[in-house]
Each structure stands twice: as structure tokens, then as C-alpha cells.
Amino acid sequence: MSRPYNFSAGPGALPESVLARAAAEMTNCAGSGMSVMEMSHRGKEFIKIAEEAEADLRELMGIPANYKVLFVQGGGMMQFSSVPLNLAADGDAVDYLKTGYWSDRAITEAKRYCQVNVVASGQPENYVSIPARDSWKTYKEASYFHYCANETIHGVEFHDVPDVGSVPLVCDMSSTILSRPIDVSKFGVIYAGAQKNIGPAGLTVVIVRDDLLERARPNIPYLLDYKTMADNGSMANTPPTYAWYIAGLVFKWIKEQGGLKAMAELNAAKSALLYKVIDESGFYKNPVHADCRSWMNVPFILPDEKLDKPFLEEAKAQGLLALAGHRSVGGMRASLYNATPLEGVEKLTQFMIDFAKRHR
Ligand code: PMP
């Protein structure tokens, strides 16, 4: 039986071949006689898995040698606290760009520790665009500049890396990491919860430039300190070993697909197809400006909320899962992460065209 297509925003779809390999290795990984879940994180079997995962991620993203890669816990949201605690002293001024729900949550958390300067906000327009670069009121002395590369709920995505001069650039890449090549050297810190394009929930990847490891405030919790994790190979305590292992399998899968350039081509094609069908339908609507529409999360509404339930039910019956929008905005949302094939989006758009015909 073929699997349904999963459009969940996260935890999201994983490549079927990765799941199959994990299943095959479930009770006996690489002849060890153990499941990865049963291995000591300090044993040679797991150390090999961990090191290979890091090496593959470094290769995929072209991570320069002067960056550490950390495999930590706590999700994207824990980084909302870790970033100010690691990079800014008590009361320091920090710049934040507000482009949607997640950057707003990051701002709320940073305010507990720092003086937050919101350089610009897309909120007055209901987060349908990225405020123009020349309208940003950046602060020269800011300890860092934080933004969210892809707003998972509002479907607003940066298609380039903003230039903020010499201020360290910090990016929440939770829902877009590995979807395309990026120049890591432009960033001070990149972080991403794993459960979208990397692997299972429970793992968070942090990529941090070496010179920023010395800035943490003295009372930072030991495990949140990037330097603690860097000095201990992310094993200052027990890491999320199974999630780390699956992430490693996903990195290998991406390499087999042709790397991030191939991912970018596929993701551009998938999202273009869906936006085209939405825009030409005269039925579905996505309000986001064309230049910052997300490749990863495509929110859309139907002409009448009463149609939401039948839309979701019929979609599910056709093997098109998890299309409900986030509870804070309603409507629909199709998340098109790396593991969602073009055929899944073709099937979704055929269904949408047919549904619109029947419910006009
Ligand atoms: N940032 C972004 C962009 C997200 O999409 C999410 C979760 N959907 C988070 C942060 C929070 O991540 P977590 O649930 O892993 O804490």
C-alpha cells in the first residue's frame, strides 16, 4: 500500500527510505546487537553515528571550520532563551525583526533578558510581507540581530540573507534549514528545531561562530551555554541519541538526492505549482506578497469557512494529510518540506482544482 502524503508543519514528513532503514536497524544497528536507543552515547558505535552526522551536515551546508555544530535539546523555542543568554549581557540592546508569529515569540522571550529593539514589524499588514530593508531602524550598538528565515505559520520567507553589517546575524531557521544552499559565513548563529527538515522532534541543531562562544553571561544555565556544549561535543549530558541518528540518515538521504541545490530546485518547483493553482483558482487565496512567499509552508483560505471541514475530510480520504492551518490563524496550510515529493503536490493540486469546481 502506498503511503499517504503528509503536509504537516512539524513534526513533518520524513523520507520513506530513511524510515525503512531505521526500521531495518531497529533491533540491531550495524551488527552491534543493539538498537541505537539502547546504546551508550559514549560508546564507539554511537560516537561514529554522531560524528558522521556532523560531518555530513558540514558537507551539505558548507559549514566553515570556525563554526561549531551543536546537537542540543529544547526545541526552537529554547533557543529563544539561549540566544540572549549566550550573546548579550543583562540589559544589552538587541535588534529583532518581527515578521510573524515565531519572530514575535522570540521577541517576547528576549525581552526577559535584554532591551529589545524591534527594527521593523510586518504586524500592521497582518504579516503578508517583509518590511522593506530601508525601513529597518537598526541599533548600531546591538549585540546581535535576530530574524526568522521562514515564518512557519504566516508563510513568509526570506529568499536572501539580510545585510546587517558587522552585527552578528542570528537566524531561526527551524522551518527552512536544508531546503536550499545558504552561505553560513554570513551568520553568527543559526538554529533549527529538527522536526521539519532534519529529523524527529527532540533535537535542535545550533551552528555558532567560534568567537561568539565567549560571550555568555556568568549565570547562564550550564546546559544552555553554547561553550559547554561545544567543549563537550554536545555530550555535556545525554543527548537525544535516536533523533541524532535519524538526522544523520536524513543528511545522507539529502546527499543522495544531490544535496541542497537539488533540494532547492525541487522545493521551488513544488511551491510554484501550488501557488499557481491557488492564484489561478479564483477560489483559494494566499495573501503573502510574491517576493517573500514561503517555499516550505503555504497557507491558504477557502472562500467560506464552512468549506474547511469537507475540504479536510475529502483530502484525508484521498491520502492528503494534515492540511489544517495553525490554530492561531485557521484556514489551510500545506507544508512542503524536503521529504514531500513533487507527486504529492501534484496530487494535492489536482484535488484542490476538483474541490473548487464542485463547491463554487
Ligand atoms: N521557530 C519556528 C520558525 C517554528 O516553526 C517553530 C515550531 N513550529 C519554533 C520556532 C518552535 O519550535 P519548537 O516547538 O521546537 O520549540
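Note that the coordinates shown come from a computational prediction; the quantities given were computed from them, not determined experimentally. (Residues numbered from 1 in each chain as written. Predicted model: local features only at pLDDT ≥ 70, side-chain atom pairs only at ≥ 80, totals over all residues. Heavy atoms only, no water.)

Thoughts on the pairing of strand E5 (residues 145–148)
Along any regular strand the residues' side chains alternate between the sheet's two faces. What you see with E5 is no split at all: Phe145 and Tyr147 on one side and His146 and Cys148 on the other are buried throughout. Where strand E3 (residues 93–98) and E5 come together, 2 bridges link them in parallel fashion. Bridge assignment links tyrosine 96 to a residue of E5, and that residue is histidine 146. For E5 and strand E8 (residues 169–172), the ladder comprises 4 bridges, and the chain directions are parallel. Its bridge partner being in E8, phenylalanine 145 is matched across the sheet by leucine 169. (Buried < 20%, exposed > 50% of the residue type's maximum accessible area, 1.4 Å probe, protein only. Helix = DSSP H or I, 4+ residues; strand = E, 2+ residues; numbered from the N terminus. Pairing = 2+ DSSP bridges.)

Some words on the site of the ligand
Close contacts around the ligand come from 13 residues, with Met77, Thr152, Asp172, Gln195 and Lys196 the closest. Here methionine 77 contributes a backbone N or O atom positioned 2.9 Å from an oxygen atom of the ligand. Within the complex, the protein chains bury 85% of what would otherwise be the 400 Å² of accessible surface of the ligand. Ranked by the residues each element gives to the shell around the ligand, the list is headed by helix H3 (residues 75–87), at 4 residues. Classifying every residue of the shell around the ligand gives 4 nonpolar, 7 polar and 2 charged. (Near = heavy atom within 4 Å. Polar contact = N/O pair within 3.5 Å; in protein donor to acceptor, adjacent residues only side chain to side chain. Areas by Shrake-Rupley, 256 points an atom, 1.4 Å probe, with all protein chains shown as cover. Nonpolar A, V, L, I, M, F, W, Y, C, P; charged D, E, K, R; others polar.)

A few points about the nonpolar core
Within the largest apolar cluster, 56 residues are counted, with the highest numbers of intra-cluster contacts made by Met61, Phe145, Tyr147, Leu178, Ile198, Tyr245 and Phe251. In terms of residues, this core owes the most to one element, helix H6 (residues 241–257), which gives 11 residues. Look past the residues within four positions of isoleucine 198 in its chain and what remains in contact with it is Ile177, Leu178, Ala192, Gly193, Leu203, Val205, Ala247, Val250 and Phe251. Judged by nonpolar contacts, the second largest core, of 28 residues, contains Val94, Val170, Leu213 and Tyr226. (Core = buried A, V, L, I, M, F, W, Y, C linked by side-chain atoms within 4.5 Å. Contact = heavy atoms within 4.5 Å.)

Points about the sheet that holds E8
With mixed pairing, the 7 strands of this open sheet are ordered in space as E2-E10-E9-E8-E5-E3-E4. In the strand order of this sheet, the two ends are held by strand E2 (67–72) and strand E4 (115–121), each with one partner. Strand-to-strand twist of the sheet, defined as the mean angle between neighbouring strand axes without regard to direction, takes the value 20°. Contacting E2 and strand E10 (204–209), helix H2 (residues 44–61) runs over the sheet at an angle of about 130° to E2. Together, E3, E4, E5 and E8 form the strand contacts of helix H4 (residues 101–110), whose direction differs from that of E3 by roughly 160°. (Axes fitted to C-alpha atoms, helices over the stretch in contact; angles between N-to-C directions.)

Section: the pairing of E10
Within E10, 6 of the 6 residues are buried, which leaves the element mostly enclosed by the surrounding structure. Of the two faces of E10, the one holding Thr204, Val206 and Val208 and the one holding Val205, Ile207 and Arg209 are both buried throughout. Here E2 runs beside E10; their pairing, made up of 6 bridges, is antiparallel. Residue pairing across strands places valine 69 opposite isoleucine 207, the latter belonging to E10. Pairing between strand E9 (residues 189–193) and E10: 5 bridges, direction antiparallel. For glycine 193, the partnering residue across the bridge sits in E10 and is threonine 204.

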